[in-house]
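# Overview (structure and organization)
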Amino acid sequence: MKEYRLLAWAELPAPYHRMAYRRMLTDLSHRYMTISQLVSASGLKRQEVRDFLDMLESRDLLVDRELFANESVFDSLRPLGGWLRKALNTSARDH
């Protein structure tokens, strides 16, 4: 399975002026995302997302990487867990 990330912001051609496509650009500019994640976040059909990614790829605006089977969604949350732990410990010491 592949994950995708935006390399540079793009001016979208007319067929992609809907908010769902702009939302995908924003998501892709912040982090790697799978097609399934993009479908879920955008509300578009899988083929529409695939076509959008193909368009970005053809313009050299996209980078992809393989998501390995032993990685999970929870692995991407690990930094958040560390931050949350620090915040809670700091809060507990302040009271």
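Here, the structure is the one placed above.
Residues numbered from 1 in each chain as written. Predicted model: local features only at pLDDT ≥ 70, side-chain atom pairs only at ≥ 80, totals over all residues. Heavy atoms only, no water.

### Side note on the pairing of strand β1 (residues 2-6)
- The pairing of β1 with strand β3 (residues 62-66) spans five bridges and is classified as antiparallel. If you follow L6 over to β3, its bridge partner there is L62.
- In this sheet, strand β2 (residues 33-34) lies alongside β1 in antiparallel orientation, the contact comprising two bridges. For E3, the partnering residue across the bridge sits in β2 and is T34. (Pairing = 2+ DSSP bridges. Helix = DSSP H or I, 4+ residues; strand = E, 2+ residues; numbered from the N terminus.)

### Considering the side chain of D27
- Mapping D27 onto the fold places it in helix α1 (residues 19-30).
- For D27, the residues in contact, after removing those within four places along its chain, are M33 and A41. (Contact = heavy atoms within 4.5 Å.)

### Examining unusual backbone geometry
- Even without a glycine there, the phi angle at D60 is positive, about 55°.
- In this structure, D60 sits in the loop between α3 (46-58) and β3.

### Side note on α1
- Taking 1.5 Å of rise per residue, the 12 residues of α1 would be expected to cover 16 Å, and the 17 Å separating its terminal C-alpha atoms lies within 8% of that figure.
- Listing the buried residues of α1 in full gives A20, Y21, M24, L25, D27 and L28. Mapping the buried residues of α1 onto a view down its axis gives an arc of 165°, with all of them on the same face. The outward face of α1, more than 90 degrees from its buried face, is lined by the exposed residues M19 and H30. (Expected span 1.5 Å × (residues − 1). Buried < 20%, exposed > 50% of the residue type's maximum accessible area, 1.4 Å probe, protein only. Arc of directions from axis to C-beta.)

Remember that the coordinates give geometry; whether it matters functionally is a separate question.
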